[in-house]
Amino acid sequence: MRALAFVCTLNSSPTPSSSHLIADQVMAEFEGLGVSGEVVRVADHDIRPGVALDMGDGDAWPALREKVIEADILLITTPIWLGHPSSICQRVLERLDAELSETDEQGRLLTYGKVAVAAVVGNEDGAHKVSSDLFQGLNDLGFSLAPGAVTYWVGEAMQGTDYKDLDGPPEAVASTTRTLAVNATHLARLLNGSAYPAS
């Protein structure tokens, strides 16, 4: 089993990132369940705007797409910006849109056997709204969602503490992260053993 995390912070490496931190924490839970994985900070790659598999001219998406195809579980982490997922997160969803034209020999989307989960961080409320945006898009694109498919932390309104500034994850966040990992791994193993039928 393999998991892939797309960290959709606006900051490239090595700038500290709350979205990257929570991705690392989710991936540690996956590792404890026997799921190997990789964390990719999307801002470190030149992903061109568009909805094609390859936008040419040095587009980095084709190589990242191969990682998606090889993964059983896709984790997307994003900060909340003005009540929405980050623009980089939206770019990832737009590029994944090309998967609607990619099918196997039975006409199923290549994403049908894959599980998607999300992690959201921010200093204002909005984690439920952001995760609902992500869930609708990912489900439209063929990914399956397990119960409890999001973990999140939002700080007190109108203050400056970031998730990365905490001494560690609050127990409620840590518990939710564990549940996300357990349920997503369970569903991914079920899908590996029994694919969705062709329709």
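Up top you'll find the structure we're talking about.
Please read all numbers here as calculations on a predicted model, not as lab measurements.

A. Representation of the overall build of the chain within the structure. Summing up its helical and strand segments, the chain has five helices and six strands in all. A compact globule built from 199 residues would reach a C-alpha radius of gyration of about 16 Å, and the chain, at 16 Å, matches this within 12%. Dimensions of the chain, computed from C-alpha atoms along their principal axes, come out at roughly 50 × 40 × 25 Å. Each of the 199 residues in the chain was classed as buried or not, and the buried ones make up 44%. Sequence separation of at least 24 residues holds for 79% of the intrachain contacts in the chain that already meet a minimum separation of 6. Accessible surface, the chain as shown: approximately 9,300 Å² in total, 52% of it carbon and sulfur. Averaged over its 13 positive side-chain charges, the chain has a centre that lies 3 Å from the centre of its 27 negative ones.

B. View of the side chain of K114. In this fold, K114 is placed in the loop between α3 (87–96) and β5 (115–122). There is no salt bridge for the buried K114, and the closest opposite charge comes from D72, which lies 5.8 Å off by N-O distance. Within the local environment of K114, its side chain forms a polar contact with the backbone oxygen of I69, the two atoms lying 2.7 Å apart. When sequence neighbours within four positions are dropped, the list of residues in contact with K114 reads V68, I69, E70, A71, D72, F143, S144 and L191.

C. Structural view of the pattern of salt bridges. Within the structure shown, the criterion is met by eleven salt bridges. The salt bridge partner of K129 is D133, with a shortest N-O separation of 2.7 Å. Of this pair, K129 and D133 both sit in helix α4 (residues 127–140), four residues apart, roughly one helical turn. For D133, a relative accessible area of 30% translates into the label partly exposed. A salt bridge links K164 to D165; the shortest N-O distance between them is 3.8 Å.

D. Spatial organisation of unusual backbone geometry. Of note, the amide linkage connecting S13 to P14 takes the cis form, showing an omega dihedral of 5°. Within the secondary structure, P14 is located in the loop between β1 (2–7) and α1 (18–32). At D57, a position not held by glycine, the phi torsion is positive, near 50°. Residue position: D57 is located in the loop between β2 (36–41) and α2 (61–70). One non-glycine residue, M158, lies in the positive phi region at around 60°.

E. Quick peek at the pairing of β2. Where β1 and β2 come together, six bridges link them in parallel fashion. The residue bridging F6 from the neighbouring strand is V40, located in β2. Handedness of the crossover is the feature at issue here: the chain leaves β1, passes through α1, returns alongside β2, and the resulting connection is right-handed.

F. Seen up close, the packing of α1 against helix α5 (residues 171–193). Where α1 contacts α5, the two axes come as close as 9 Å, and the packing angle between them is 50°. Here α5 runs oblique to α1, going by the angle between their axes. Along this stretch, α1 crosses α5, giving a crossing that reads as right-handed. Of α5, the residues touching α1 (which contributes Q25, V26, E29 and F30) are T177, R178, L180, A181, A184 and T185. Its residues placed into classes, the contact of α1 with α5 shows five nonpolar, three polar and two charged.

G. Layout of a nonpolar patch on the surface. A grouping of L10, W81 and L82 is seen on the molecular surface, where their side chains present a nonpolar patch of about 390 Å² in accessible area. You can see L10 is positioned in the loop between β1 and α1. According to the relative accessible area criterion, L10 is partly exposed, its value standing at 42%.

Reading the values: the criteria
Residues numbered from 1 in each chain as written. Predicted model: local features only at pLDDT ≥ 70, side-chain atom pairs only at ≥ 80, totals over all residues. Heavy atoms only, no water. Helix = DSSP H or I, 4+ residues; strand = E, 2+ residues; numbered from the N terminus. Rg over C-alpha atoms; globule rule 2.2 N^0.38 Å. Buried < 20%, exposed > 50% of the residue type's maximum accessible area, 1.4 Å probe, protein only. Contact = heavy atoms within 4.5 Å. Areas by Shrake-Rupley, 256 points an atom, 1.4 Å probe, with all protein chains shown as cover. Lys, Arg positive; Asp, Glu negative; His and termini not counted. Charge placed at Lys NZ, Arg CZ, Asp CG, Glu CD. Salt bridge = Lys/Arg side-chain N within 4 Å of Asp/Glu carboxyl O. Polar contact = N/O pair within 3.5 Å; in protein donor to acceptor, adjacent residues only side chain to side chain. Pairing = 2+ DSSP bridges. Right-handed = clockwise from strand over helix to strand, strands pointing away. Axes fitted to C-alpha atoms, helices over the stretch in contact; angles between N-to-C directions. Parallel < 35°, antiparallel > 145°, perpendicular 65-115°, else oblique. Left-handed = near helix turned anticlockwise from the far one by under 90°. Nonpolar A, V, L, I, M, F, W, Y, C, P; charged D, E, K, R; others polar. Patch = residues over 30% accessible without salt bridge, like charges linked within 9 Å, V, L, I, M, F, W, Y side chains within 5 Å.

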